[in-house]
Amino acid sequence: MKKARQFPPIIARFPHFLHGGDYNPDQWIKWKDEIWKEDMRLAKLAGINSLSVGIFAWAALEPREGEYQFDWLDEVMGMMADNGMIAVLATPSGARPAWMSQKYPEVLRVNASRQRSLHGERHNHCLSSPVYREKVKAMNTRLAGRYKEHPALGVWHVSNEYGGECHCPLCQEKFRSWLKQRYKTLDALNEAWWTAFWSHTYTDWSQIESPSPIGELNTHGLNLDWKRFTTEQFVDFYLHETAPLKEITPAVPCTTNLMGTYPGIDYFRLAEVLDLVSWDNYPQWTGGPKDIEIGIRTSFAHDLTRSLKGKPFMLMESSPSATNWRPVAKLHRPNVHMLQSMQAVAHGSDTVQYFQFRKSRGASEKFHGSVVDHEGTENTRVFRDVAAVGERLKTMDAVIGTGTPSAVAVIYDWHVRWALEDVKGFLQKNTRYQEAVIDHYRAFWQLGIPVDIIDQSIIGQSIAGQSRGLEGYDLVIAPMLYLLRPGFAEAVDGFVKNGGVFAATYGTGWAGESDLVFRGGVPGPLRKCLGVWCEEIDALYPEDRNSILWEGRRYEAFDFCELIHAESAEVLGTYGSDFYAGRPALTVNRCGSGRAFFIAARTGQDFLGDFYARLSRECGVKPALENPLPSGVTAQVRSGGGSEHIFVMNFTPEKKTVDPGAPGKKELEPYETWIIERKV
Ligand code: GLA
Ligand code: ZN
């Protein structure tokens, strides 16, 4: 097992798990004497030591323009301090008050069809609007000034779930300035976007418009740059929001809550400006065999979130029971709440937080799971489930700040995802990039091998003075790495020459960063390192099947089969049928002291399981437990500070027997989590 790093606790003075979550006392101001006091009593009973406050409280904090009311929040913060709790204090920019939309319509977003929205909902502000920015700055400056010395203040929760995009005239202007910075000349932009096609050449910057269903959707370079720009809008807005917080409370960490694999923002880029990453996790548990797959996808999202900064993160929200916005709001089965909470910790979270503490009485979330139900007491099953998590977390201080010893990295890159969503050809809208990445990830999950999820920006990055890059890994996997960013192929080359093992698949190395296809053959700048040339790619109908013959076994191939030539690579497996039967389908190229594998077709889990089990063995990559795990059970590790915690988790509704060697076999109950502590 690799050595993991030990990190400081999120809040230096509080080396314990934060357990708590969204709390909206502003909905109960009228009933505060009865409700707030009771909330504190119930929170303590549930082992809750932290609450996130003020997330959607703008109308309560500034009921009329320039008229601020902090008394109620003073009282809430005071109550928390009196009870030894940590406040995760929010800036309220996630939802603005009605007076603002009415007086300043420029704060309202414009959609891609160029319609301005009416007031309502949330997360729908124009991020370019000078008025909105000014109001946010005024609010955040007051919040920071007022609570800077407050004993409860622990973390800043900046806004809420940044997302969406705005196409208003102010944003169009900003987009054009951003493009001018990026390309310097219109000529360079026209070339990058290949605008000679269909006479799309721009002759003046003012002709450029963001992608729109009533305008341009087929200039792929434009689409990509619009997505990159939208990410930069959020980066810029976050920096704007946090400027007063950083100035007034420099020691308080800032984060904003992310949403796993949300498509609209490149989270690797956004994470660069966060002090730490946090996210909101709402798996759709079924109570049946599908929970294995849900467990895998949830693990993937946790690993992705942790890897954004390569250090422990915050589980900012999760439901203690049903999730109201899912089509079926099924209850958590016994043990599932504990499993979901421990799963986050197993993958690197130093908090377990919920949405929400007390259930609201009206509007759209009145039936969302919460710690305290409308009934109002501690005598509920869900409350007991939450309290049990609180009890367990109290015994787990040794896990705080421990790292994840991943020797394997799987690449998941938003830019690749965006480019593949646009592809006309192959399987068009059905390329299933994210699914392909998870297919590779799934093999390691079942083996109980810890994995980092990285993107191409990892080259040249450093966190807390330590460089990241590919060098820290033994095995780097690139499923469908269609778009190669500048410098990445060279980094892979160096990694392999120095002894690393790299595995890429069909769909890799087709285009550069503005989605212009490489001349000189696919996989472009990776051709030498992989030792293959892909002459054509065959897209199959859903019912079509081919196969890969490898080591005397036949594995199904479907969706994509690349017709490759092994140039310097050695052929390990071949196609089983069709006009390309017998041609290479699996290759390895030796390069320096490392190896580069190429998997030319999409395969099922049987192949990926066998292939990665073997590759891991060959590379000396060790699973968390020596003995194989039963299906649907994974083991994940956190290590640091001289000990190692292995989280053995059963994602099935059945009993499963696990044999970890020492300390002996154990039969896990349905959905049980077993934590094994070892000295290292
Ligand atoms: C999101 C939001 C919360 C709440 C929950 C409900 O994560 O951040 O405010 O709406 O969903 O699941
Ligand atoms: Zn706008």
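### Quick notes on the nonpolar core
Part 1: In terms of nonpolar packing, the biggest core is built from 178 residues, with Trp-156, Phe-502 and Tyr-612 touching the most fellow members.
Part 2: Looking at this core element by element, the count peaks at eight residues for helix 14 (residues 433–447).
Part 3: Inspection of this core shows a minimum of three residues originating in each of domain 1 (18–108 + 117–164 + 229–284 + 313–399) and domain 2 (408–619).
Part 4: What Trp-156 contacts, discounting residues up to four positions off in sequence, is Leu-89, Thr-91, Leu-143, Ala-144, Leu-245, Thr-249, Val-252, Pro-253, Cys-254 and Thr-255.
Part 5: In this structure, Trp-178, Ile-208, Leu-222 and Phe-229 belong to the second largest nonpolar core, which totals 14 residues.

### Here we look at the layout of surface pockets
Part 1: Reported here for the largest pocket is a volume of approximately 740 Å³.
Part 2: Lining the largest pocket are 30 residues, and of these Trp-279, Asp-280, Tyr-282, Trp-325 and Arg-326 sit closest to its centre.
Part 3: Put simply, the parts of the chain that give the lining of the largest pocket at least two residues each are strand 7 (278–281), helix 10 (291–309) and helix 14.
Part 4: Examining the composition of the lining of the largest pocket, we find that five residues originate from one element, helix 10, more than from any other.

### Describing the coordination of the zinc ion (ligand 2)
Part 1: Protein coordination at the zinc ion (ligand 2): the donors are Cys-126 (SG), Cys-166 (SG), Cys-168 (SG) and Cys-171 (SG), at 2.3 Å from the metal.
Part 2: Bound by four donor atoms, the zinc ion (ligand 2) shows angles of 104 to 116 degrees at the metal and therefore tetrahedral coordination geometry.
Part 3: Here the donor residues of the zinc ion (ligand 2) share one chain and are spaced in sequence as C-x39-C-x1-C-x2-C. One end of the pair, Cys-126, is in the loop between helix 4 (98–103) and helix 5 (130–147); the other, Cys-168, is in the loop between strand 4 (153–157) and helix 6 (169–183), and 42 residues separate them in sequence.
Part 4: The class of Cys-126 is buried, set by a relative accessible area of 0%.
Part 5: Using a relative accessible area of 1% as the deciding quantity, one classes Cys-168 as buried.

### Points about the domain arrangement of the chain
Part 1: Taken domain by domain, the chain consists of domain 1 (18–108 + 117–164 + 229–284 + 313–399) and domain 2 (408–619).
Part 2: With centres defined by C-alpha atoms, the gap from domain 1 to domain 2 works out at 39 Å.
Part 3: Both sides of the domain 1 and domain 2 interface together cover about 890 Å² of buried area, and 53% of this is carbon and sulfur.
Part 4: Here domain 1 and domain 2 share zero salt bridges between them.
Part 5: At the boundary of domain 1 with domain 2, the tally comes to six residue pairs in polar contact (both at pLDDT 80 or more).
Part 6: Here the residues of the side of domain 1 that touches domain 2 sort into five nonpolar, five polar and two charged.

### Overview of the pattern of salt bridges
Part 1: Following the criterion strictly, the structure yields 47 salt bridges and no others.
Part 2: Notably, a salt bridge pairs Glu-365 with Arg-122, separated by 3.9 Å at the nearest N-O pair. One end of the pair, Glu-365, is in the loop between strand 9 (351–354) and helix 12 (381–394); the other, Arg-122, is in the loop between helix 4 and helix 5, with 243 residues separating them in the sequence.
Part 3: Residue classification places Arg-122 among the partly exposed positions, given a relative accessible area of 33%.

### Considerations on the pairing of strand 9
Part 1: Residue alternation in strand 9 divides its side chains into two sets, Thr-351 and Gln-353 and Val-352 and Tyr-354, and both sets are buried.
Part 2: The sheet contact formed by strand 1 (residues 18–23) and strand 9 spans four bridges and is parallel. If you follow Leu-18 over to strand 9, its bridge partner there is Thr-351.

Reading the values: the criteria
- Residues numbered from 1 in each chain as written.
- Chains lettered and ligands numbered in written order.
- Predicted model: local features only at pLDDT ≥ 70, side-chain atom pairs only at ≥ 80, totals over all residues.
- Heavy atoms only, no water.
- Core = buried A, V, L, I, M, F, W, Y, C linked by side-chain atoms within 4.5 Å.
- Buried < 20%, exposed > 50% of the residue type's maximum accessible area, 1.4 Å probe, protein only.
- Helix = DSSP H or I, 4+ residues; strand = E, 2+ residues; numbered from the N terminus.
- Domains from an automatic or database assignment.
- Contact = heavy atoms within 4.5 Å.
- 1 Å grid on protein atoms, 1.4 Å probe; cavity = no way out; pocket = protein on both sides within 12 Å on 5 of 7 lines; lining within 4 Å.
- Points joined across faces, edges and corners; volume = space filled by probe spheres on them.
- Donors = N, O, S within 2.8 Å, 3.2 Å for Na, K, Ca; no water.
- Tetrahedral: all angles 85-135°; square planar, octahedral: opposite > 155°, others 65-115°.
- Buried area = accessible area lost by both parts, 1.4 Å probe.
- Salt bridge = Lys/Arg side-chain N within 4 Å of Asp/Glu carboxyl O.
- Polar contact = N/O pair within 3.5 Å; in protein donor to acceptor, adjacent residues only side chain to side chain.
- Nonpolar A, V, L, I, M, F, W, Y, C, P; charged D, E, K, R; others polar.
- Pairing = 2+ DSSP bridges.

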